[in-house]
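Single-letter residue listing:
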Amino acid sequence: MIRDPETLTLLLDSIRQFVDQELIPRENEVAETDAIPEDIVQQMRDMGLFGLTIPEEYGGLGVTMEEEVNIAFELGRTSPAFRSYIGTNNGIGSIGILIDGTAEQKAHFLPKLASGELLSSFCLTEPDAGSDAASLKTTAVRDGDSYILNGTKRFITNAPEAGIFTVMARTNPEIKGAGGISAFVVERGTPGLTLGKPDHKMGQKGAHTCDVIFDNVRVPATQLIGGVEGVGFKTAMKVLDKGRLHIAALSVGAADRMLNDTLRYATERKQFGKPIAEFQLIQAMLADSKAEIYAARCMVLDAARRRDEGQNVSTEASCSKMFATEMCGRVADRCVQIHGGAGYVSEYSIERFYRDVRLFRIYEGTTQIQQVVIARNMIKEFQA
Ligand code: COS
């Protein structure tokens, strides 16, 4: 759903301009320094990019899902590290509070996330609980008006910078699976909360992840999301349904960027006396990529519109994430191939993008987890 086409066009124009004029020229700097420059962060704050999805009453722009994926198509056209910096506040780090939090929790935390005053993180994954998220071991034991948290969370995006953490922890050790899990908001600086060393990743330099370690961290019971125990896993799954659509949209943007850069290269690079774009084997790779990007874009937009209509899009979000991220991987591979030897050296952005987009097929649920979700939903619907 697009609330006001004119306003959205203006917003998309300003984001497109920001990407083209400010972000793309700084990509190499971010890759080399492994940091988003402070002046860029400030511009992101000024543009309201930290609060795109947070409702207006909390200081955000309150974009719909259809509007959000259109924005992600644009942001996807530059290094994923830029989007990652604002990504948690617009997605996995804020949505749990937004959809399941109490009125007090929303009023307390969301304005600070919308303004970019605080960064947020989503702490689900653990050393022994990745795809099998419901087996997580972090515990939260009630003690008077608080809970005491113990455990380790792994690969947590933006944790080095985060001011608050949405943490899934087991409040009922009797229930081994999803039903024993609750979600909490934990503030940075709470005694016992420490961070591991930043992870050395294959790509996405400038986007930081690390362990978050809880050693007898006392969290007020008022920070149990929604004030209800045992529903934290469902909160996490709802957060991921939305996050997966966003990652699918980013993949479309990134594939678009890689293909455009490659088209430019193929029209300039000459072999056998003419631009390589004139050879049909190159054209096949260009055409396959174009068609697949178009298919993914249509899929993402359809799923986003359905979500805005209030439909349960668990299946469509997983279909979109699976197809769009795998498509992005295929496009990255073809684009390196078209660049030939030049695609393997860092002079061209395709070498960096090839590594950066590899993560899309893994985080917020691997392709294989999306397949499991899709097939399970199909079987459930068939048997209903
Ligand atoms: N929305 C709301 N509720 C959901 C849901 C969704 N999308 N998906 C599952 N649930 C509910 C189920 O209905 C079930 O509730 P009931 O017991 O009341 O019926 C509960 O959550 C448990 O669901 P399920 O039985 O399907 O859990 P499983 O342990 O079998 O796990 C998968 C399901 C594998 C899909 C889940 O663990 C998963 O998504 N894993 C990947 C995690 C991930 O993406 N990690 C990335 C890191 S975060 S960046």
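Residues numbered from 1 in each chain as written. Predicted model: local features only at pLDDT ≥ 70, side-chain atom pairs only at ≥ 80, totals over all residues. Heavy atoms only, no water.

1. Things to note about the domain arrangement of the chain
On domain assignment, one finds that the chain holds domain 1 (5-115), domain 2 (120-230) and domain 3 (239-383). For domain 1 versus domain 3, the distance between C-alpha centres works out to 21 Å. At the interface, 25 residues of domain 1 touch 26 residues of domain 3. When domain 1 packs against domain 3, close to 2200 Å² is buried across both sides, 65% of that on carbon and sulfur atoms. Contact with domain 3 buries area across many residues of domain 1, yet Met65, Phe73 and Arg83 alone supply 31% of it, more than any other trio. Between Lys242 and Glu68 there is a salt bridge, with the nearest N and O atoms lying 2.6 Å from each other. Looking at the side of domain 1 that touches domain 3, the elements that each hand over two or more residues are α2 (27-33), α4 (65-75), α5 (80-90) and α6 (95-100). In terms of residue class, the side of domain 1 that touches domain 3 is built from 11 nonpolar, 9 polar and 5 charged. (Domains from an automatic or database assignment. Contact = heavy atoms within 4.5 Å. Buried area = accessible area lost by both parts, 1.4 Å probe. Salt bridge = Lys/Arg side-chain N within 4 Å of Asp/Glu carboxyl O. Helix = DSSP H or I, 4+ residues; strand = E, 2+ residues; numbered from the N terminus. Nonpolar A, V, L, I, M, F, W, Y, C, P; charged D, E, K, R; others polar.)

2. Regarding the packing of helix α1 (residues 5-23) against α4
Packing of α1 against α4 leaves a shortest axis separation of 9 Å and a crossing angle of 20°. Judged on the interaxial angle alone, α4 and α1 are roughly parallel. Remark: the crossing between α1 and α4 carries right-handed chirality. For the pair α1 and α4, the contacting residues are Leu8, Leu11, Leu12, Ile15, Arg16 and Val19 in the first and Glu67, Asn70, Ile71, Glu74 and Leu75 in the second. Residue composition of the contact of α1 with α4, grouped by class: 7 nonpolar, 1 polar and 3 charged. (Axes fitted to C-alpha atoms, helices over the stretch in contact; angles between N-to-C directions. Parallel < 35°, antiparallel > 145°, perpendicular 65-115°, else oblique. Left-handed = near helix turned anticlockwise from the far one by under 90°.)

3. Topic: helix α7 (residues 103-115)
Counting along an α-helix, one turn takes 3.6 residues, and residues three or four places apart therefore face a common direction. Compared with an ideal rise of 1.5 Å per residue, which puts 13 residues at 18 Å, α7 spans 19 Å between its outermost C-alpha atoms and is within 8% of the ideal. The axis of α7 is deflected most strongly, by about 30°, at Phe109, and proline Pro111 appears within four residues downstream. Residues Gln105, Lys106, Phe109, Leu110, Leu113 and Ala114 constitute the buried set of α7. In the core, the buried residues of α7 are packed alongside α5, α6, β1 (120-123), β4 (164-170) and β5 (181-187). After α7 finishes, the residue Gly116 shows a positive phi value of roughly 85°. (Expected span 1.5 Å × (residues − 1). Bend = angle between axes of the 7 residues up to and from the residue. Buried < 20%, exposed > 50% of the residue type's maximum accessible area, 1.4 Å probe, protein only.)

4. Looking at the layout of surface pockets
Roughly 200 Å³ of internal volume is contained in the second largest pocket. Lining the second largest pocket are 13 residues, and of these Thr53, Val63, Leu98, Lys242 and Arg307 lie nearest its centre. Among the elements that take part in the lining of the second largest pocket, α6 stands out by supplying 3 residues, more than any other. For the lining of the second largest pocket, a count of residues per class yields 6 nonpolar, 3 polar and 4 charged. (1 Å grid on protein atoms, 1.4 Å probe; cavity = no way out; pocket = protein on both sides within 12 Å on 5 of 7 lines; lining within 4 Å. Points joined across faces, edges and corners; volume = space filled by probe spheres on them.)

5. A word on the site of the ligand
Around the ligand, the structure places 20 residues, and the nearest of them are Ser131, Lys234, Asp241, Arg244 and Arg376. A distance of 2.7 Å separates an oxygen atom of the ligand from a polar atom in the side chain of Lys234. Alone, the ligand offers 1000 Å² of accessible surface; in the complex the protein occludes 66% of this. Sorting the residues of the shell around the ligand by element identifies α8 (232-268) and α12 (367-383) as the ones contributing at least two each. The dominant element in the shell around the ligand, judged by the number of residues it contributes, is α8, at 7 residues. Along the lines of polarity and charge, the residues of the shell around the ligand split into 9 nonpolar, 5 polar and 6 charged. Formed jointly, the shell around the ligand draws a minimum of three residues from each of two domains, domain 2 (120-230) and domain 3 (239-383). (Near = heavy atom within 4 Å. Polar contact = N/O pair within 3.5 Å; in protein donor to acceptor, adjacent residues only side chain to side chain. Areas by Shrake-Rupley, 256 points an atom, 1.4 Å probe, with all protein chains shown as cover.)

6. Concerning the environment of Pro5
Of note, Pro5 is situated in helix α1. A residue is classified by how much of its surface remains accessible, and Pro5, at 54% relative accessible area, is exposed. Residues Pro5 and Leu224, spaced 219 residues apart in sequence, show a C-alpha to C-alpha distance of 38 Å.

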